[in-house]
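# Coordinates in review
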There are 2 protein chains.
Amino acid sequence: MKKAAGTEQVSPLFRQVYEFVLNRMERGEWKAHDKLPSIRLLAEELKVHRLTVFKAYRELSDHGKVYVKDKSGYYVSAGSRPAAAVEAGAEVPSYSLTNPLSDIQRTPVKYQFSQALIDPNLLPNLFLSDYVKKVFDLYPKVMGTYSSVQGDEELRETLSRHFHEQHRLQLSPQELIITSGAQQAINLIAGIMLGPMDYVLVERPTYSVAMDIFRRAGARLVSVEITPDGYDLTEVEELMRKFKPRMFYMNPTHHNPTGYTVPVRQRKLLVELAERYRCLLVEDDPFRDMYFGEKPPPPFFAYDTEGWVIYISSFSKYVAPGLRICAVACRYPFMERLITAKSLSDNGTPLLNQKIFLHYYTSPRLQQHIGKLRIALQVHKEIAEEELAAAGWEWTAPQGGLNLWVKLPESIAVAELFARCMAESISFVPGEICDPLGEMTNRLRLSYSFASEEKLREGLRRLTAIAGELARG
Amino acid sequence: MKKAAGTEQVSPLFRQVYEFVLNRMERGEWKAHDKLPSIRLLAEELKVHRLTVFKAYRELSDHGKVYVKDKSGYYVSAGSRPAAAVEAGAEVPSYSLTNPLSDIQRTPVKYQFSQALIDPNLLPNLFLSDYVKKVFDLYPKVMGTYSSVQGDEELRETLSRHFHEQHRLQLSPQELIITSGAQQAINLIAGIMLGPMDYVLVERPTYSVAMDIFRRAGARLVSVEITPDGYDLTEVEELMRKFKPRMFYMNPTHHNPTGYTVPVRQRKLLVELAERYRCLLVEDDPFRDMYFGEKPPPPFFAYDTEGWVIYISSFSKYVAPGLRICAVACRYPFMERLITAKSLSDNGTPLLNQKIFLHYYTSPRLQQHIGKLRIALQVHKEIAEEELAAAGWEWTAPQGGLNLWVKLPESIAVAELFARCMAESISFVPGEICDPLGEMTNRLRLSYSFASEEKLREGLRRLTAIAGELARG
């Protein structure tokens, strides 16, 4: 039985740390070119997490209040007090939202291992660009025309045939809605399903941004452990009985971050549990076609007959990620609510993007591209595994997806490693960000898909070397 | 002193009506090919608004439960009871959201006067299509690359120069964020500013979807009358003092739906009030360049020095609306919160759309196009005004924008006119949808920009003829 993670209030801690530091500078306690306390020290003094201090320091640096000297720390800038506009603005109350993953990803680094995205060089860019120019001839008014809120009908028809061919899903175009990426889909579903005090089941670990979205809605998270064998269904049933969660957000195929895949038998049983306890299964499935051995089992949605699964299929991620096209399969009555949520959110995904995606999707080149991409990703994965093995580290060996879930040697704290790596232009995702309980402090998520082979090898050598220094020191 | 509209709970009324009718059909009280009660009758029986019944009937019709015979009403289909999946699904609790404007717009009609959009035939489609093909050569990896969350830097730089040239705004690229249309901007701002019990000022009448967004956030609406002279600032100050609203959502230039423009003097004074009462002004400005006489005064944002105005500039509406590109100008610290909200919402607007917009925006053709469009819209407006004048109706004569705000003769109820018009494939926006107090029952919003000149004239003749029948009968 796992404990509920509870509704930790979205905290203004980072802002407090920011203002704490600024205040000392303004009062003249910390003067120009003084060295700020180390992240570790200030975190201990203020009883906050090191990541919080890191974020405050980075923000101070972005606003020119402090500057960084390579590898030695943060220093007070020679600048003046903040401008009046900043001061007045800073007093405005507003709801603070958090997205630590996005904060990390927004910092430009040389060795980018925090983004589960595909290296643009692995995509057939030239072919794609030439090919899609035809879209403008096929749909001459595409730049001036809005899509329907639910999404272009031609695209939804094509996709409903695709889902039928791939998974024998009986799915009408009316049961599909097009969103701008999986992220928007999760956000819209949270909008119709979650309010203050509602419970939501999430895997432990899970995709951190989904948790940020659910917390912003005021929901309380209850975690379900995911292992190489999937879930403990007895436990899941107990949680459903006890908490009556409105939904279970899951990523059961090449799971992010662990790479685990929930076995077929559990898929059928869990759909039955969902029906019995009226708990909607929200199946996020972005990595399905990125398998290295066997094809993964069919989605949960394939076993659902009663409308208790919403299926988020963001396969544009490895087709043309820049388009931000995601298809969501969903039955009545949820669909009509999703359409209203979409209408409030952005009134429909741009038609141009949908038509381009449709056009490329139906090209003979697509399957060929996906096959090649699989091989390229496997090469990336093997490079990463070689480097980790050389350092004597452990990780889960995924059958697909874009990430390794790495276990650090006991002697190394991931927060410290993270701060050191960011200072040396290497990013990854600290494990605790992915943990609804915030306890996984010796894990990290390494995405091997975005950096080039060369950068991947080089960056991981540096990363493990830094970790070695920390372990010794 | 206006009363607060209050947080009317988002009502499940339409669902209740839907199920009331379905229930009678299932129990066999209303049998196949029976005529349903008229919208007026059922509305009276259930003590709900006619629009609610209209919506329930339309939904029943969409699901094949009833069918429509032209001009004579709704009839029970020969179909069976709903499928098990539908029944099970229908019991799921979920938060209901409303967007009556989108519901109206989603119904395909021959005479489309409910959409404040521009007729795609008035856009330079062929030029645009040819021109933007170059974007793929300029940015060969554009299909495979994500935008930064805040928006493409090249675009933000260009736009910051644009705002400087147009309005002498001192605005750095860091003070701009790109969103997918103004709708998303409003939604993101609501996300950071509004929670349960917060007050928000809105104009009366106003853009209905903004109210739907604020209500979904749990906020309470307080209305500020807008007149040809702008606002009553004494009243606005009193409302700010009394309710301490977190923000004032406004559309002060060619206001939707009235067409009014708030004078310069009030702009300066209101920015001072906003500073004094710490009430953020959210300035929605989609129609600025669509003026027929004088250029409108500068935006509120131009008078703001303390960061109390967020400026939503969705000028892509008349450039290339299909791209869904909107620029939001906003100072620190709101900007960083908006970026986080955007990261949770969709992680960034597609890069392709931003690059295409940028490319066309800098083309010499643009200003020429906008000039032509202004003339075309004025012709549309004059046609609409001729037809209304012929029927002896009153309306506000706008100096710009895409709408007429029409006053119906006392003898005609707009809800009845609306139901009759929709049955004859003519759509418009009933005034009460635009009214935070829901009382403007003899007003309607007519958008003259979307239908062709011919359809506009023809449709308005039919509309006024139907109204004439209602007045007599």
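Residues numbered from 1 in each chain as written. Chains lettered and ligands numbered in written order. Predicted model: local features only at pLDDT ≥ 70, side-chain atom pairs only at ≥ 80, totals over all residues. Heavy atoms only, no water.

### Topic: the overall build of chain A
Within chain A, the secondary structure is distributed over 16 helices and 16 strands. Against the globule reference of 23 Å for 473 residues, chain A gives a C-alpha radius of gyration of 23 Å, in line with a compact fold. Counting only C-alpha atoms and orienting by the principal axes, one finds that chain A spans roughly 65 × 55 × 50 Å. Each of the 473 residues in chain A was classed as buried or not, and the buried ones make up 63%. Just so you have it, chain A exposes about 17400 Å², and 50% of that area is on carbon and sulfur atoms. Side-chain charges in chain A split into 58 positive and 57 negative, and the spacing between the mean points of these groups amounts to 2 Å. (Helix = DSSP H or I, 4+ residues; strand = E, 2+ residues; numbered from the N terminus. Rg over C-alpha atoms; globule rule 2.2 N^0.38 Å. Buried < 20%, exposed > 50% of the residue type's maximum accessible area, 1.4 Å probe, protein only. Areas by Shrake-Rupley, 256 points an atom, 1.4 Å probe, with all protein chains shown as cover. Lys, Arg positive; Asp, Glu negative; His and termini not counted. Charge placed at Lys NZ, Arg CZ, Asp CG, Glu CD.)

### What to know about the pairing of strand S11 (residues 326-329) of chain B
All names here are of chain B. The two faces of S11 match: Cys326 and Val328 on one face and Ala327 and Ala329 on the other face are all buried. Bridge analysis of strand S5 (residues 176-179) against S11 gives four bridges, and the strand direction is antiparallel. Of the residues in S11, the one forming a bridge with Ile178 is Ala327. Where strand S10 (residues 309-313) meets S11, three bridges bridge the pair, whose relative direction is antiparallel. In the strand pairing of S11, Tyr311 is matched with Ala329. (Pairing = 2+ DSSP bridges.)

### Points about the relation of the copies chain B and chain A
For the pair chain B and chain A, the relating rotation is 180 degrees, the translation along its axis is 0.0 Å, and the fit reaches an RMSD of 0.1 Å. The relationship between the two copies is best expressed as a two-fold rotation axis. For chain B, the smallest separation between a C-alpha atom and the rotation axis is recorded for B:Lys133, amounting to 2.8 Å. Mapped onto chain A, 100% of the interface residues of chain B are again interface residues, and the two copies thus contact each other with one and the same surface. (Least-squares fit on C-alpha atoms with pLDDT ≥ 70 in both. Contact = heavy atoms within 4.5 Å.)

### Looking at the environment of A:Tyr131
Residues and elements named next belong to chain A. Within the element layout of this structure, Tyr131 appears in helix H6 (residues 125-138). Since its relative accessible area comes to 16%, Tyr131 is described here as buried. Put simply, Tyr131 and Tyr360 are 229 residues apart on the chain and 7.4 Å apart in space, counted from C-alpha to C-alpha. Those residues in contact with Tyr131 that lie beyond four places of it in its chain are His359, Tyr360, Ser363 and Pro364.

### Re the nonpolar core
The biggest cluster of nonpolar side chains holds 321 residues, and the ones touching the most others in it are A:Phe214, A:Leu417, B:Phe214 and B:Leu417. Among all residues touching B:Leu417, those that are not within four sequence positions of it are B:Trp393, B:Leu408, B:Ile412, B:Phe428, B:Leu444, B:Leu463, B:Ile466, B:Ala467 and B:Leu470. (Core = buried A, V, L, I, M, F, W, Y, C linked by side-chain atoms within 4.5 Å.)

### Quick word on the sheet that holds strand S13 (residues 403-407) of chain B
All names here are of chain B. Across the sheet, four strands lie side by side as S12-S13-S16-S15; this open sheet has antiparallel pairing. Edge positions in the open sheet fall to strand S12 (394-396) and strand S15 (429-430), since each of these has one partner strand only. Two elements, S12 and S13, share three bridges in a ladder whose sense is antiparallel. When the bridges of S13 are listed, Glu394 appears paired with Lys407.

### Points about unusual backbone geometry
Cis geometry marks the peptide bond from A:Asn256 to A:Pro257; its omega dihedral reads 10 degrees. Within the element layout of this structure, A:Pro257 appears in the loop between strand S8 (247-250) and helix H11 (264-277). Residue B:Pro205 follows B:Arg204 across a cis peptide bond; omega there is 0 degrees. Topologically, B:Pro205 is positioned in the loop between strand S6 (199-204) and helix H9 (208-216). Phi angles above zero are rare outside glycine, and B:Arg168 is one such case at about 55 degrees. Within the secondary structure layout, B:Arg168 lies in the loop between helix H7 (153-167) and S5. The class of B:Arg168 is exposed, set by a relative accessible area of 59%. The phi torsion at B:His254 lies on the positive side, around 50 degrees, for a residue other than glycine.

### Topic: the packing of aromatic side chains
A complete count under the given rule lists 27 aromatic pairs over all chains for this structure. By the ring-pair criterion, three or more aromatic residues cluster together here, those being A:Phe54, A:Phe418 and A:Phe428. Lying across the ring of A:Phe127, A:Arg365 places its NZ or CZ 4.3 Å from the centre. Just above the ring of B:Tyr75 sits the side chain of B:Lys69; from NZ or CZ to the centre is 4.6 Å. (Phe/Tyr/Trp six-rings, centres within 6.5 Å; stacked < 30°, edge-to-face > 60°. Lys NZ or Arg CZ within 6 Å of the ring centre and 35° of its normal.)

### With respect to the confidence of the model for chain A
Residue and element names in this part refer to chain A. Chain-level statistics for chain A give a pLDDT mean of 88 and a share of 93% at 70 or above. In this model, residues 1-11 is a region of pLDDT below 50 whose contacts with residues beyond four sequence positions or in other chains number 30 contacts. Under a pLDDT of 50 for its full length, residues 80-92 has, in the predicted model, 22 contacts with residues more than four places off or in other chains. Interface predicted TM-score (ipTM) for the complex: 0.81; the corresponding pTM is 0.82. (pLDDT = per-residue confidence, 0-100.)

### Observations concerning the side chain of A:His255
Residues and elements named next belong to chain A. By the secondary structure assignment, His255 is in the loop between S8 and H11. Assessed through its relative accessible area of 1%, His255 is described here as buried. Of note is the side chain of His255, whose polar atom sits 2.7 Å from the side chain of Thr258. Excluding residues within four positions of it along the chain, His255 makes contact with Glu203, Pro205, Thr206, Ile226 and Tyr260. (Polar contact = N/O pair within 3.5 Å; in protein donor to acceptor, adjacent residues only side chain to side chain.)

### Quick look at the sheet that holds strand S13 (residues 403-407) of chain A
In spatial order, the strands read S12-S13-S16-S15 (chain A); together these four strands make up an open sheet with antiparallel pairing. Only two strands of the sheet have a single partner each, and these edge strands are strand S12 (394-396) and strand S15 (429-430) of chain A.

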